[in-house]
Protein chains: 2
Amino acid sequence: MLPRGRSRALAAAALLLGLLLLAGLFLLAGDPRAEDAGGSCCRPMQPEPQDGRPSGPAAREGALRPPRCQLLHVAIVCAGLNSSREVVTLVKSMLFYRKNPLHLHLVTDAVAQSILETLFRTWMVPALGVSFYDADQLKPHISWIPNKHYSGLYGLMKLVLPGVLPPGLAQVIVLDTDVTLASDIAELWALFAYFSDKQVIGLVENQSDWYLGNLWKNHRPWPALGRGFNTGVILLWLDRLRQVGWEQMWQLTARRELLTQPATSLADQDIFNAVIKEHPGLVQPLPCVWNVQLSDHTLAERCYLEAADLKVIHWNSPKKLRVKIKHAEFFRNLYLTFLGYDGNLLRRELFGCPSQSPAGAEQLQQSLAQLDEEDACFEFRQQQLTVHRVHITFLPHEPPPPRPHDVTLVAQLSMDRLQMLEALCRHWLGPMSLALYLTDAEAQQFLRFVEASPVLSARQDVAYHVVYREGPLYPVNQLRNVALAQALTPYVFLSDIDFLPAYSLYDYLRASIEQLGLGGLRKAALVVPAFETPRYRFSFPKSKAELLALLDAGALYTFRYHEWPQGHAATDYARWREAQAPYRVQWAADYEPYVVVPRDCPRYDPRFVGFGWNKVAHIVELDAQDYELLVLPEAFTIHLPHAPSLDISRFRSSPDYRACLQALKEEFHQDLSRRYGAAALKYLTALQQRPRNSA
Amino acid sequence: MLPRGRSRALAAAALLLGLLLLAGLFLLAGDPRAEDAGGSCCRPMQPEPQDGRPSGPAAREGALRPPRCQLLHVAIVCAGLNSSREVVTLVKSMLFYRKNPLHLHLVTDAVAQSILETLFRTWMVPALGVSFYDADQLKPHISWIPNKHYSGLYGLMKLVLPGVLPPGLAQVIVLDTDVTLASDIAELWALFAYFSDKQVIGLVENQSDWYLGNLWKNHRPWPALGRGFNTGVILLWLDRLRQVGWEQMWQLTARRELLTQPATSLADQDIFNAVIKEHPGLVQPLPCVWNVQLSDHTLAERCYLEAADLKVIHWNSPKKLRVKIKHAEFFRNLYLTFLGYDGNLLRRELFGCPSQSPAGAEQLQQSLAQLDEEDACFEFRQQQLTVHRVHITFLPHEPPPPRPHDVTLVAQLSMDRLQMLEALCRHWLGPMSLALYLTDAEAQQFLRFVEASPVLSARQDVAYHVVYREGPLYPVNQLRNVALAQALTPYVFLSDIDFLPAYSLYDYLRASIEQLGLGGLRKAALVVPAFETPRYRFSFPKSKAELLALLDAGALYTFRYHEWPQGHAATDYARWREAQAPYRVQWAADYEPYVVVPRDCPRYDPRFVGFGWNKVAHIVELDAQDYELLVLPEAFTIHLPHAPSLDISRFRSSPDYRACLQALKEEFHQDLSRRYGAAALKYLTALQQRPRNSA
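All of these numbers come straight from a predicted model, not from anything done at the bench.

Novice: Looking at this structure, I do not really get the overall build of chain A. What am I missing?
Specialist: What chain A contains, in helices and strands, is 26 helices and 23 strands. Counting every position in chain A, which comprises 695 residues, the buried fraction comes to 60%. As displayed, chain A offers around 27,600 Å² of accessible surface, 54% of which is attributable to carbon and sulfur atoms.

What follows is the structure, encoded as structure tokens:
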């Protein structure tokens, strides 16, 4: 150990000496902006401090940061299904590097809001606030501006943010959905410190020659200072903008330019640049690394080859990741890092920054803390409590038109059943609501799978809801509930992914619902009899007659006839053979038919995870709520063989798993008794008469 | 825009003023180390500058960095299969944040070296050098030290690094395999600047009370300064260590302490601390964030709750990720980030730093650049050129003892066939070499799958080789070649993962190889006749007689009898029924039997990716090299049904895919003619007589 006081004094002296030298170098260095426009474009640039704060290398390295726990605000305009999916990658990159509490201000249409509200509610990221602003209400403010840019009307909405965001909000960072962060956003926020008193907006210079106006004959872009500025990343000093009358300012400029321009070509960016051309004192130019623009013919290389560090990447070509530029692979890798990044890992706390927990997080922590790790069912109970991140309508989807007897097929799957989707689409011509249990990386594989399939991409009436994987057991009933909650028709067919329904089933169900007056006077569940084929290659029966012939030939069986006959025995297949009209059957122990019910039917019990008893409990619930069970005489669905799921293998080999399932069943029956009283006694009796470890 | 010269001068003045203030604060602030030992432990600490370099907040934020392209050196001791897998996560975290060229100095045993050499060669990370040092040669230097730590002898090897690393190497960072970086390692390297002339080693204080010696009655740890230092992260100033006679110094101390201590408890750490206790001037204490220690009873919370930023996390409990500490979830998330991180994304270049390309990288770039994107087979050719990262012997494995007629089953699979492994282990009791095509995240799922399976974890003779996914097509033949290259027995059974061999096959093959004198005088491929069952649930035949009975009953077929009879017709199943002895068959077009061959057989042609013709081409190659084809009369293997792979679905639906396969076949035949001359004519003739787009 060294003597302390003396070395400290020496160090301080040395520090000052060093900094004097640095400051001298800084004064002596030529100003890069003194070069001509062509030479200086897109080089890493050091903003000049305007308020007495230190500059030089220390500042460039981001040493000037906002106070540790300061809340930073970020605004994003995000409309439509695809943008609401794409913005997630931006948000992930931001959360990965951030060390400050963040508040997102999302200007969304109804579709994006519904998706993102669900996503953020289930994501439960600590120290992250989210507010939504209705984009449709903003349209009148900008719809008078003709615009040719691919972003459409939403591309113009950044102009009106000062009027839309809360009056108390002084500063905000505005990002396009197609940017990826490669550093802590607090470093960007720190650049507000470099604004002079008059500056209200921070922007990076454009890294293309667009605004120079010489790209083609008669190319006449909107006015701009030199190459102009890119608006994919903006620092907005909101209260100053309000003070200088921003709204009138930009409208005036836009109206004047539109006298000679037919429309904006680059949406808001044209108008921002025209205003800046007129009032250059408003803009604080930002270092190029904060908006590395990867469009065609980009000049970004001048920036990133010299910079030690890239901060924000901007995919501002309509081709996005497919843009053909030098070093594309490098930038794509950064993007793919966050595209496939497990968003669950971003649920980490910010140490030392007191912040409100996400809604429900504390209760969840308590429940998890109360679990007994020595309990044999610990994993089950933990899985049941897990809040999965949910991304509803992950892919483009058109809701079915409202029809009084329409039915949505509801099912759930993981990656290993993806190849069932095409066949299912051929068999079921109506709407579907499917929950997919995937990792973030698998969700991208799934996206590519659908895009590559003509059958799947042609179907706009299939809604895919991604439930992100977490924990060792398959949360089958939570998945079913997600898919069920998103069904938009009055009726649902509660199916499983390895079943193919009769080709006629969709039409037949709608006709049956109408004829039986289901949902009106009758509270009923329509039973679709289930069969199975042990063979892979298999000619699907076109009719009940063909099905019966296959059954007689031993090419088909009733479902799980060999392993678990009680699951479907109550359907009474013998009666079904002859039936001409729907017939009523009684509940029986372990009965688990596939049924059609009104959308507001009871939810599945989420305590059943993995394999076993997940549907049985649901049928018990229907019976307890007095649903009539009506078997449809012409309906059928057939199970295709597949390799056993890992959960089933585990169930078969583990006595613990079976013991645990038994415990869960008993708890389920206790809850039943509590809710239905004496009426639930029959279920308990039935259970006790079957002390086997039945599935 | 603002006037330039004036604002620049003002800025410099302001900068100086600000820094004077900062320096003043620095001088006035109390020295945190003046507090008592208990109070100061594990708080974020600012090292004192010793050579006139600036300190204060700017330095703490890492503003002092090594020059942009300076090569940084990192040494890691890594021995055994598990360490060689675990170190990859450390390396990924390091590569993720690094912006400098790096050189890794790996002290490895033979097993780890073989694994890591393959991994780094195929990883092809730009600006990353790797050197290996033989740990076994170092053992004599340290094996005299009795050691109780779980790391064993390898735990002591950090002591001898100054003598082992190249004499020209002046400084090195030494890391344990169980650390994870959460920041750029250059910031750690920058701390060398704070060393005084006398300091030779930089360490973070221990974040536990171990060395205070009061953990239990008669707990008598090795001597240390206060809490002592942790050696999971070390800055070693190598040339100074050599100058001060480090080797004698630590040996002297160790020998002296071992007079009263029975052994080291914490391996090298005890000895480092004992030396430092004696020579406190040698150590430069580093800020706690550079080694946040997550052992039981850790005091790390004092560090990370105050620090703005964690730099290195150290899993220094024997329980590793399962350690029970507060905030464990937070740290686990950081670790899991890199555990599942796609290592392919780390192949990105370092812009602006000239560095040698990895071996083969330039040639690969050229070949890829020469591909024509308009070529219908572009994807095929790109996939074929792809160098996949390969992690051989991913899990614990014991090589089979050398036996002259032993056979290894060779196959490949991806995640969707994992559930085949247990059955395969029951059917094949000999060694296996399996290539798995996985993402980094899937590799971890696979690891957990094996650990959870008693059948799989009991088998030490199955070697799993992970080939990391990249590109859209399944590189079936590259995978086969990886598995084949790693087979350690003189013979290999070239199988596919969806086949289960007869229970007796392993014994029968070894006996047949011996009887037939295979590999010695005879150059032969032994054909194992292939069958298929269309049924999932299926009672596997115990003998040839049982198999024939099932065949006659229509419960089995010869393999692909309905879709692709020519694939196996040449096996002559009619003759096989009656055969009592091996019989020779002739090559025929499209023949693709499963064969047993010497390990040095021809490799598979990697141009065939996805589905189709991948085995056919290999059999052609065997025939061209004059392998006799001998059918074994008692051998059989049976294909189990499974859902079609995505590649097959694609093949079936895409005319482009088929056209492309045809083109590849033709190119294969051109190559054959080049290599075998007129002898190859028969293959071309056969191909031309079958102009169909056959698989």
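Novice: In this structure, what is going on with the sheet that holds strand β9 (residues 292-293) of chain B? I would like to understand it.
Specialist: Hydrogen bonds between backbone groups are what pair the strands of a sheet, and the pairing can be parallel or antiparallel. Residues and elements named next belong to chain B. Sheet architecture is open: three strands sit in the order β5-β10-β9, paired in mixed fashion. Each end of this open sheet is capped by a strand with a single partner; those strands are β5 (179-181) and β9. Across two bridges, β9 lies against strand β10 (residues 312-314) in parallel orientation. Following the sheet pairing, V292 is matched in β10 by I313.

Novice: Hey, could you run me through helix α19 (residues 476-485) of chain A in this one?
Specialist: For an α-helix, 3.6 residues make a turn, and residues three or four places apart therefore share a direction. Most of α19 of chain A is tucked away: nine of the 10 residues are buried. Taken together, the buried positions of α19 of chain A are occupied by V476, N477, Q478, L479, R480, N481, V482, A483 and L484 of chain A.

Novice: I would appreciate a short explanation of the packing of aromatic side chains in the present structure.
Specialist: Any pair of aromatic rings gets described here by the distance separating the centres and the angle formed by the planes. Inspection of the entire model under this criterion finds 65 aromatic pairs over all chains. A network of ring pairs unites the aromatic residues F96, Y97, F338 and Y341 of chain A together with F96, Y97, F338 and Y341 of chain B as a single cluster. The side chain of R85 of chain B reaches across the aromatic face of F394 of chain B, ending 5.6 Å from its centre.

Novice: Help me understand the sheet that holds strand β10 (residues 312-314) of chain A in this model?
Specialist: Residues and elements named next belong to chain A. Read from one edge of the open sheet, three strands run β5-β10-β9, paired in mixed fashion. Here the strands that pair on one side only, and so sit at the sheet edges, are β5 (179-181) and β9 (292-293). Bridge analysis of β5 against β10 gives three bridges, and the strand direction is antiparallel. Each residue of the ladder has a partner; that of L181, found in β10, is V312. Along the sheet, helix α13 (residues 328-339) makes contact with β5, β9 and β10, crossing β5 at roughly 80°.

Novice: Explanation requested: the state of the cysteines in the structure shown.
Specialist: The term disulfide refers to a covalent linkage connecting the sulfur atoms of a pair of cysteines. All names here are of chain B. Evaluated as defined, the whole model comprises six disulfides over all chains. The disulfide that involves C69 links it to C353, with 2.1 Å between the sulfurs. Note on the C69 and C353 pair: the S-S dihedral is about -85°, so by sign convention the disulfide is left-handed. Within this pair, whereas C69 is found in the loop between α3 (56-60) and β1 (72-78), its partner C353 is found in the loop between α13 (328-339) and α14 (361-370), the two being separated by 284 residues in sequence.

Novice: For this particular structure, what's the right way to read helix α6 (residues 135-142) of chain A?
Specialist: Residue and element names in this part refer to chain A. Along α6, the residues that are buried comprise A135, L138 and I142. Projected down its long axis, α6 carries its buried residues within an arc of 55°, all on one side. In α6, the exposed positions that point more than 90 degrees away from the buried face belong to Q137 and P140. Buried-residue contacts for α6 involve β2 (102-108), β3 (128-134), α7 (161-164) and α10 (246-257). Backbone nitrogen of D136 and a side-chain oxygen of the N-cap are separated by 2.9 Å at the start of α6; the cap is D134.

Novice: I would appreciate a short explanation of the pattern of salt bridges in the present structure.
Specialist: Per the counting criterion, the structure on display carries 55 salt bridges over all chains. For R459 of chain A, the salt bridge identified is with D461 of chain A, shortest N-O distance 2.8 Å. Between R389 of chain B and D440 of chain B there is a salt bridge; the shortest N-O distance is 2.8 Å. Separated by 51 residues along the polypeptide, R389 of chain B in the loop between α15 (378-385) and β11 (390-391) and D440 of chain B in helix α17 (residues 440-452) bring together distant segments of the chain. Residue classification places R389 of chain B among the buried residues on the basis of a relative accessible area of 1%.

Novice: Is there a simple way to think about the environment of A300 of chain A in this case?
Specialist: Residue and element names in this part refer to chain A. Tracing the chain through its elements places A300 in the loop between β9 and α12 (301-304). In this structure A300 comes out as buried when scored by relative accessible area, which is 0%. When the C-alpha atoms of A300 and I325 are compared, they prove to be 9.9 Å apart, with 25 residues separating the residues in sequence. Residues in contact with A300, not counting those within four places in the same chain, are Q207, V292 and Q293.

Novice: How should unusual backbone geometry be read in this particular structure?
Specialist: Across residues other than glycine, the phi torsion is negative in most instances, and most of the peptide bonds are trans. Residue and element names in this part refer to chain A. Although it is not a glycine, N218 sits at a positive phi angle of roughly 65°. With respect to the element layout, N218 can be found in the loop between β6 (201-205) and β7 (229-237). With a phi close to 55°, R560 is a non-glycine residue in the positive phi region. Take R560: it is sitting in the loop between β19 (557-558) and α22 (573-578). The buried category is assigned to R560, whose relative accessible area is 18%.

Novice: Looking at this structure, how should I read the packing of helix α25 (residues 655-676) of chain A against helix α26 (residues 681-688) of chain A?
Specialist: The relative placement of two packed helices comes down to the angle between their axes together with the axis-to-axis distance. Residue and element names in this part refer to chain A. Look at α25 against α26: their axes get within 9 Å of each other, and the N-to-C directions meet at 160°. Considering their axes alone, α25 and α26 lie roughly antiparallel with respect to each other. When you trace α25 past α26, the crossing you get is left-handed. Facing K665, E666, H669 and L672 of α25, the residues of α26 in contact are Y683, L684 and L687. Along the lines of polarity and charge, the residues of the contact of α25 with α26 split into four nonpolar, one polar and two charged.

Novice: Explain the pairing of strand β8 (residues 283-286) of chain A to me, please; I cannot follow it from the model alone.
Specialist: Consecutive residues of a regular strand have side chains that alternate between opposite faces of the sheet. Residue and element names in this part refer to chain A. Residues V283 and P285 of β8 are buried on one face, and the alternating residues Q284 and L286, pointing to the opposite face, are buried as well. When β6 meets β8, the two strands line up parallel, connected through four bridges. Of the residues in β8, the one forming a bridge with V204 is L286.

Novice: Looking at this model, I keep getting lost on the environment of S143 of chain B. Mind explaining?
Specialist: Residues and elements named next belong to chain B. Of note, S143 is situated in the loop between α6 (135-142) and α7 (161-164). The exposure class assigned to S143 is partly exposed, which follows from its relative accessible area of 45%. A C-alpha to C-alpha distance of 25 Å links S143 and V200, two positions 57 residues apart in sequence.

Novice: Sorry if this is basic, but what is going on with the side chain of T253 of chain A here?
Specialist: Structurally, the position occupied by T253 of chain A is in helix α10. Within the local environment of T253 of chain A, its side chain forms a polar contact with the backbone oxygen of M249 of chain A, the two atoms lying 3.0 Å apart.

Novice: Honestly, the pairing of β6 of chain A in this entry has me stumped. Any pointers?
Specialist: Residue and element names in this part refer to chain A. Here β6 lies mainly inside the structure; four of its five residues are buried. In this structure, β6 lies alongside β7, joined through four bridges in antiparallel fashion. By the bridge assignment, I201 is partnered in β7 with L236.

Novice: Help me understand the side chain of K311 of chain A in this model?
Specialist: All names here are of chain A. Mapped onto the elements of the fold, K311 is located in the loop between α12 and β10. By relative accessible area, K311 is classed as buried at 7%. Other than its neighbours up to four places away in sequence, K311 contacts T180, L181, A182, S183, E187, V289 and W290.

Novice: Even after reading the chapter, I still don't get the confidence of the model for chain A, so can you show me in this structure?
Specialist: For residues with low pLDDT, the predicted coordinates do not support detailed interpretation. All names here are of chain A. Across chain A, the average pLDDT comes to 87, with 88% of residues at 70 or higher. A low-confidence stretch, residues 18-40 (pLDDT under 50), is modelled with 27 contacts involving residues beyond four sequence positions or located in other chains. Of the two predicted TM-score estimates for the complex, the pTM is 0.85 and the ipTM is 0.78.

Reading the values: rules and limits
- Residues numbered from 1 in each chain as written.
- Chains lettered and ligands numbered in written order.
- Predicted model: local features only at pLDDT ≥ 70, side-chain atom pairs only at ≥ 80, totals over all residues.
- Heavy atoms only, no water.
- Helix = DSSP H or I, 4+ residues; strand = E, 2+ residues; numbered from the N terminus.
- Buried < 20%, exposed > 50% of the residue type's maximum accessible area, 1.4 Å probe, protein only.
- Areas by Shrake-Rupley, 256 points an atom, 1.4 Å probe, with all protein chains shown as cover.
- Pairing = 2+ DSSP bridges.
- Phe/Tyr/Trp six-rings, centres within 6.5 Å; stacked < 30°, edge-to-face > 60°.
- Lys NZ or Arg CZ within 6 Å of the ring centre and 35° of its normal.
- Contact = heavy atoms within 4.5 Å.
- Axes fitted to C-alpha atoms, helices over the stretch in contact; angles between N-to-C directions.
- Disulfide = S-S within 2.5 Å.
- Arc of directions from axis to C-beta.
- Polar contact = N/O pair within 3.5 Å; in protein donor to acceptor, adjacent residues only side chain to side chain.
- Salt bridge = Lys/Arg side-chain N within 4 Å of Asp/Glu carboxyl O.
- Parallel < 35°, antiparallel > 145°, perpendicular 65-115°, else oblique.
- Left-handed = near helix turned anticlockwise from the far one by under 90°.
- Nonpolar A, V, L, I, M, F, W, Y, C, P; charged D, E, K, R; others polar.
- pLDDT = per-residue confidence, 0-100.

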